[in-house]
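Remarks on the overall topology
The primary structure of each chain is shown beneath.
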Amino acid sequence: MTQRKSKADRRLDLIDAAHRAMIQHGAEGVHLNQIAEEAGLTSGAVLYHYPDLRELLIEAQHAGMERFYERRVKKISGISDPADKLIVTIRSGLPDGPDDAGVRLLCELGGAAGRNRVYATLLTTLFDRQVSMYQTILETGAAHGVFTLAQDSETIARNLVALEDAYGYRIIARHHSIDPDKAVELILDYARLATGNPLRPADRR
């Protein structure tokens, strides 16, 4: 006997469906019926859980963005060495490959942000939170003598996030010479100059 899904589980399924539909049809061009099709439901069933479609779309965007802040902070919470924290943080901010759904969604939102204040606010907030995340690592490393910062922590942090965005887009665009590993090394090259630390992964020391 098939167990019925709870309302919370059904809402999570709809968030995933909205995520896929936005990637396929665009952040601004997605329609209710397209989300319903992705979810395998009727449009009425989608509206039962989300009477306001905008709420569903915003929740889907928030869910996609969690990976690039909340999950990264959690991932490094058990790492004590600032250099290792910085390396792990850089690696976790890039796409797994050109078909990475989470980064493809951010690219879609970025394209729409100039016309949509909600998307612009979401992306600006994400950028600022990531900058703050990097600043904490940089300032902790400097305080412990692990880093000798070439500039103020905010400038370095902003450049690191901007490099993630730029190389992430190139990976999604299938640039012939930039894959995730190459992008990590390119960003680390900048981070080494900015922190005065060789930033070698633990397994290479």
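First, a word on what this report is: a plain description of the structure on this page. Given the structure is predicted, the values throughout are model-derived calculations rather than measurements.

Take unusual backbone geometry next. Of note, arginine 174 is a non-glycine position whose phi angle comes to about 60°, a positive value. With respect to the helices and strands, the residue arginine 174 is situated in the loop between α9 (153-172) and α10 (180-195). What makes arginine 174 exposed here is its relative accessible area of 52%. Phi is positive for leucine 199, close to 45°, though the residue is something other than glycine. Its place among the elements puts leucine 199 in the segment after α10.

Within helix α6 (residues 82-92), eight of the eleven residues are buried, leaving the element largely enclosed by the surrounding structure. Of all the residues in α6, the buried ones are Pro82, Ala83, Asp84, Leu86, Ile87, Thr89, Ile90 and Ser92. Tucked inside the fold, the buried residues of α6 contact α5 (70-76), α8 (117-143), α9 and α10.

Definitions and limits used
Residues numbered from 1 in each chain as written. Predicted model: local features only at pLDDT ≥ 70, side-chain atom pairs only at ≥ 80, totals over all residues. Heavy atoms only, no water. Helix = DSSP H or I, 4+ residues; strand = E, 2+ residues; numbered from the N terminus. Buried < 20%, exposed > 50% of the residue type's maximum accessible area, 1.4 Å probe, protein only. Contact = heavy atoms within 4.5 Å.

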